[in-house]
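# Structural description and commentary
Listed below are the residues making up each chain.
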Amino acid sequence: MARRDASGPGPRPDVLVVGGGLIGLLIARELALAGVRVEVVDDRQEGAASPNAAGMIAPIAESIADQAFARISIRSRDLWRHLAPALEQESGMSIDYDDSGSLLPVLDPEGREVLDGIKARALGLGEAARDLDPTELRELVPDLRPGIEEALLLPGEHRVDNRLAATAAAAALRHRKVVLHRATVERVAEAPRHVVASGDGFERAAGAVVVCGGAWTPRVHGLPALPIVPVKGQMIAFDGIDWPFTGAIRTPAFYAVRRAGGRLLIGASVEHAGFDLSLTDEVSADLATGAAAVLPALKDREPVEHWAGLRPGTPDPWPIVGRLSERLHVATGHFRNGILLAPLTARMIPPLVLDQQPDDPWLSIPEVMLPYRFTAAERLSS
Ligand SMILES: Cc1cc2nc3c(=O)[nH]c(=O)nc-3n(C[C@H](O)[C@H](O)[C@H](O)COP(=O)(O)OP(=O)(O)OC[C@H]3O[C@@H](n4cnc5c(N)ncnc54)[C@H](O)[C@@H]3O)c2cc1C
């Protein structure tokens, strides 16, 4: 990225996107595709969520009991099917997109009941859900603990290497000559015909600004109070996994997500620790022990990586997407579903910024996502 590209190399952009996580990058891509002159500014926070996530695109397992959330998630998953090959083609790199599904093993009799409920809900939403018999299950994941004989397969749940996806999205933007600045925006100030974003030696005026700063969004001065809090997640990874099943295994205690090259990601803790990113042996050991109880082969391995990221949390399950004032917009607060919801969120922004009626009803931002839905108390408690 161009460091402190203060005045910018060319004419004022129509839109400046503040925050180059997956949400901001895909929004910039959609705006560029719509013919909008767009630039991105990002300060590469170490704990940014997008490069530190697990990359599950899990519309059923992640939307327990909320039909509206499930339907929106399914729509975004559908968009991923097209986005993944497009990003690979535009960037010239693989993003390790995998559509083999999520596998939910039955660990005990209560687990069977819960999975029957998930299966019924999936089928009710028109999504596939299939019980695996012991032979199929062993073939897919031979390392499962003896005694685990059944599992539910959700073939409509996908996964992507989120690090590669963000890198590919940035490469696709560069390919389209979209300028990516590197700086921290400390404030935004709206004037009658433009917005100025500035800070850290950077200043850029744009026709409109979309703030996609993840957990750091409330630090930008000039925005109304938004109740976004960082929710830390620690993860670990093992190497040398070669089961035929290349999707995600989900249990109530942990998830295990494959990557190309034999890596297996285990996650994740959920910690309210402010912006602290410290890694603790206790969490690493808990994740490793929990996973080894179901996948005993992990017992003899040492994690090859341990990291933490900050999910942008809101007081409810929904992200915050929409207009803040005439030329200021926001798209953040996707908590644990930002990889899943990124394509749909990105498609919602061009009609908003261009003041156009969306041609697809799914692109009308639902009220549950709008920024001004929170009470004053909720906004203050962030
Ligand atoms: C451990 C973990 C596991 C997860 N697993 C999944 C999963 O399996 N599936 C899923 O769908 N989601 C998952 N998530 C959630 C998902 O990662 C997030 O919801 C999503 O990445 C949020 O993207 P974002 O672009 O809004 O924020 P981020 O990725 O955090 O990006 C924000 C960017 O804005 C920049 N920025 C912030 N403020 C400023 C500023 N003032 N000026 C300039 N730049 C700024 C930061 O440097 C950063 O690059 C997980 C998250 C974590 C932490």
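Residues numbered from 1 in each chain as written. Predicted model: local features only at pLDDT ≥ 70, side-chain atom pairs only at ≥ 80, totals over all residues. Heavy atoms only, no water.

## Here we look at helix H7 (residues 281–294)
Relative to the 20 Å expected for 14 residues at 1.5 Å per residue, H7 spans 20 Å between its end C-alpha atoms, a close match to the ideal helical length. Those residues of H7 not exposed but buried are Val-283, Ser-284, Leu-287, Ala-288, Ala-291, Ala-292 and Val-294. When H7 is viewed along its axis, its buried side chains cluster within an angular range of 160° and face the same direction. Opposite its buried face, H7 presents the exposed residues Asp-281, Glu-282, Asp-286 and Thr-289, each directed more than 90 degrees away. Elements that come into contact with the buried residues of H7 comprise strand E14 (229–238), strand E17 (263–267) and strand E18 (305–313). (Helix = DSSP H or I, 4+ residues; strand = E, 2+ residues; numbered from the N terminus. Expected span 1.5 Å × (residues − 1). Buried < 20%, exposed > 50% of the residue type's maximum accessible area, 1.4 Å probe, protein only. Arc of directions from axis to C-beta. Contact = heavy atoms within 4.5 Å.)

## What to know about the domain arrangement of the protein chain
Each assigned domain of the protein chain is listed with its residue range as follows: domain 1 (2–51 + 163–226 + 316–380) and domain 2 (99–156 + 229–313). The distance between the C-alpha centroids of domain 1 and domain 2 comes to 31 Å. The interface of domain 1 with domain 2 comprises 14 residues on the first partner and 13 residues on the second. Contact with domain 2 buries area across many residues of domain 1, yet Arg-163, Ala-215 and Phe-335 alone supply 45% of it, more than any other trio. Remark: the boundary between domain 1 and domain 2 carries one salt bridge. The partner of Arg-163 in a salt bridge is Glu-305, with the nearest N and O atoms 3.2 Å apart. For the pair domain 1 and domain 2, the interface holds three residue pairs in polar contact (both at pLDDT 80 or more). Partitioning the side of domain 1 that touches domain 2 into residue classes produces five nonpolar, five polar and four charged. (Domains from an automatic or database assignment. Buried area = accessible area lost by both parts, 1.4 Å probe. Salt bridge = Lys/Arg side-chain N within 4 Å of Asp/Glu carboxyl O. Polar contact = N/O pair within 3.5 Å; in protein donor to acceptor, adjacent residues only side chain to side chain. Nonpolar A, V, L, I, M, F, W, Y, C, P; charged D, E, K, R; others polar.)

## Details of the site of the ligand
In the vicinity of the ligand, 41 residues are found, and the nearest of them are Asp-42, Asp-43, Ser-50, Phe-335 and Leu-340. Here Leu-22 contributes a backbone N or O atom positioned 3.4 Å from an oxygen atom of the ligand. Within the backbone of Ala-54, an N or O atom sits 3.1 Å from a nitrogen atom of the ligand. Contact with the protein chains covers 98% of the free accessible surface of the ligand, which is 1,000 Å². It is E18 that contributes the most residues to the shell around the ligand, four residues altogether. Here the residues of the shell around the ligand are counted per class, giving 21 nonpolar, 15 polar and five charged. Inspection of the shell around the ligand shows a minimum of three residues originating in each of domain 1 (2–51 + 163–226 + 316–380) and domain 2 (99–156 + 229–313). (Near = heavy atom within 4 Å. Areas by Shrake-Rupley, 256 points an atom, 1.4 Å probe, with all protein chains shown as cover.)

## Let's talk about the side chain of Asn-162
Tracing the sequence through the fold places Asn-162 in helix H6 (residues 162–175). At 3.0 Å, the side chain of Asn-162 forms a polar contact with the backbone oxygen of Ala-53. A distance of 2.8 Å separates the side chain of Asn-162 from the side chain of Arg-259, its partner in a polar contact. Aside from chain neighbours lying at most four places away, what touches Asn-162 is Ser-50, Pro-51, Asn-52, Ala-53, Ala-54, Gly-55, Arg-259 and Ile-339.

## Topic: the nonpolar core
Counting 51 residues, the largest nonpolar core has Val-15, Val-17, Ile-27 and Trp-80 as the members making the most contacts within it. Among the secondary structure elements, those contributing two or more residues to this core are strand E2 (15–18), helix H1 (22–33), strand E3 (38–42), helix H3 (67–91), H6, strand E13 (208–211) and helix H8 (338–353). Once you skip the residues sitting within four places of it in the chain, Val-15 turns out to touch Leu-31, Val-36, Arg-37, Val-38, Glu-39, Ala-206, Ala-208, Val-210 and Val-353. (Core = buried A, V, L, I, M, F, W, Y, C linked by side-chain atoms within 4.5 Å.)

## Re the packing of aromatic side chains
Evaluation of the coordinates by the stated rule reveals three aromatic pairs. For the ring pair Phe-69 and Trp-318, a centre distance of 5.0 Å and an interplane angle of 65° mean the geometry is edge-to-face. Of this pair, Phe-69 sits in helix H3 while Trp-318 sits in the loop between E18 and strand E19 (320–325), placing them 249 residues apart in sequence. The burial state of Phe-69 is the same as that of Trp-318; both residues are buried. (Phe/Tyr/Trp six-rings, centres within 6.5 Å; stacked < 30°, edge-to-face > 60°.)

## What to know about the packing of H3 against H8
Across the interface, H3 lies against H8 with an axial gap of 7 Å and an inter-helix angle of 85°. In terms of axis orientation, H3 runs roughly perpendicular to H8. Facing H3, whose interface residues are Phe-69, Ile-72, Ser-73, Arg-75, Ser-76, Arg-77, Leu-79, Trp-80 and Leu-83, H8 presents Ile-339, Leu-340, Leu-341, Ala-342, Pro-343, Leu-344 and Arg-347. By residue class, the composition of the contact of H3 with H8 is eleven nonpolar, two polar and three charged. (Axes fitted to C-alpha atoms, helices over the stretch in contact; angles between N-to-C directions. Parallel < 35°, antiparallel > 145°, perpendicular 65-115°, else oblique.)

## Some remarks on the sheet that holds E14
The sheet built from eight strands is open, its strands ordered E6-E7-E5-E15-E16-E17-E14-E18 with mixed pairing. Each of the sheet's edge strands pairs with one partner strand only, and the pair in question is strand E6 (130–132) and E18. Going from strand to strand, the sheet's axes swing by 25° on average, the running direction of each strand aside. Where H7 meets the sheet, it contacts E14, E17 and E18, and its direction lies at approximately 55° from that of E14. (Pairing = 2+ DSSP bridges.)

## Quick notes on helix H4 (residues 109–124)
Under the 1.5 Å per step criterion, the end-to-end length of H4 is 23 Å for 16 residues, consistent within 8% with the ideal 22 Å. Inspection of H4 places Gly-111, Arg-112, Leu-115, Ile-118, Arg-121 and Ala-122 among the buried residues, and these make up the whole buried set. Of the surrounding secondary structure, the elements contacted by the buried residues of H4 are H3, strand E5 (102–105), E6 and strand E7 (151–154). Looking one or two places after H4, you find Gly-126, whose phi comes out positive at around 80°.

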